[in-house]
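# Remarks on the overall topology
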Amino acid sequence: MSIMSVQQVAEFLGIPDTRVERLARENLLVAAQQDDNGKPQFNEDDVKRYKILAERLGGL
């Protein structure tokens, strides 16, 4: 299991960094930990599951 930064998640999902941070704040995408600057970091598997769910619900 690898850890992804906000930027990596944004690139993977095709959305802006700010939206990834909002998803984390609203607990729609749960952060695994925070980096040294307090930015959320995510488990890759969780990000993949979120993408599948979002696509089923009508897209990101």
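That block above? That's the structure.
My aim in this report is to walk through the structure given alongside it, one point at a time. (Residues numbered from 1 in each chain as written. Predicted model: local features only at pLDDT ≥ 70, side-chain atom pairs only at ≥ 80, totals over all residues. Heavy atoms only, no water.)

Let us look at the nonpolar core. Across soluble globular proteins, nonpolar side chains have a tendency to be buried as a group. Formed by 14 residues in total, the largest nonpolar core has its most connected members in V9, L13, V20, L29, F42, V47 and Y50. For this core, the elements supplying multiple residues, two or more each, are helix 1 (6-13), helix 2 (17-25) and helix 3 (44-56). Residues in contact with F42, not counting those within four places in the same chain, are S2, I3, M4, V6, V9, V20, A24, L29, V30, A31, A32 and V47. (Core = buried A, V, L, I, M, F, W, Y, C linked by side-chain atoms within 4.5 Å. Buried < 20%, exposed > 50% of the residue type's maximum accessible area, 1.4 Å probe, protein only. Helix = DSSP H or I, 4+ residues; strand = E, 2+ residues; numbered from the N terminus. Contact = heavy atoms within 4.5 Å.)

A separate point is the sheet that holds strand 3 (residues 40-43). Two modes of strand pairing occur in sheets, parallel and antiparallel, and in both the strands are linked by backbone hydrogen bonds. Across the sheet, three strands lie side by side as 1-3-2; this open sheet has antiparallel pairing. Strands with a single pairing partner mark the edges of an open sheet, and in this sheet they are strand 1 (3-4) and strand 2 (33-34). Alignment of strand 2 against strand 3, held across two bridges, turns out to be antiparallel. Bridged to Q34 within strand 3 is P40. (Pairing = 2+ DSSP bridges.)

Now for the packing of aromatic side chains. Across all of its chains, the model carries zero aromatic pairs by this definition. In this structure, K51 packs its charged tip against the face of F12, placed 4.6 Å from the ring centre. (Phe/Tyr/Trp six-rings, centres within 6.5 Å; stacked < 30°, edge-to-face > 60°. Lys NZ or Arg CZ within 6 Å of the ring centre and 35° of its normal.)

Bringing helix 3 into the picture now. The terminal C-alpha atoms of helix 3 lie 19 Å apart, and with 13 residues this matches the ideal 18 Å at 1.5 Å per residue to within 8%. Taken together, the buried positions of helix 3 are occupied by V47, Y50 and A54. Down the axis of helix 3, the buried side of the element spans an arc of 60 degrees, and every buried residue falls inside it. Residues of helix 3 that are exposed and angled more than 90 degrees away from the buried face: R49 and R56. (Expected span 1.5 Å × (residues − 1). Arc of directions from axis to C-beta.)

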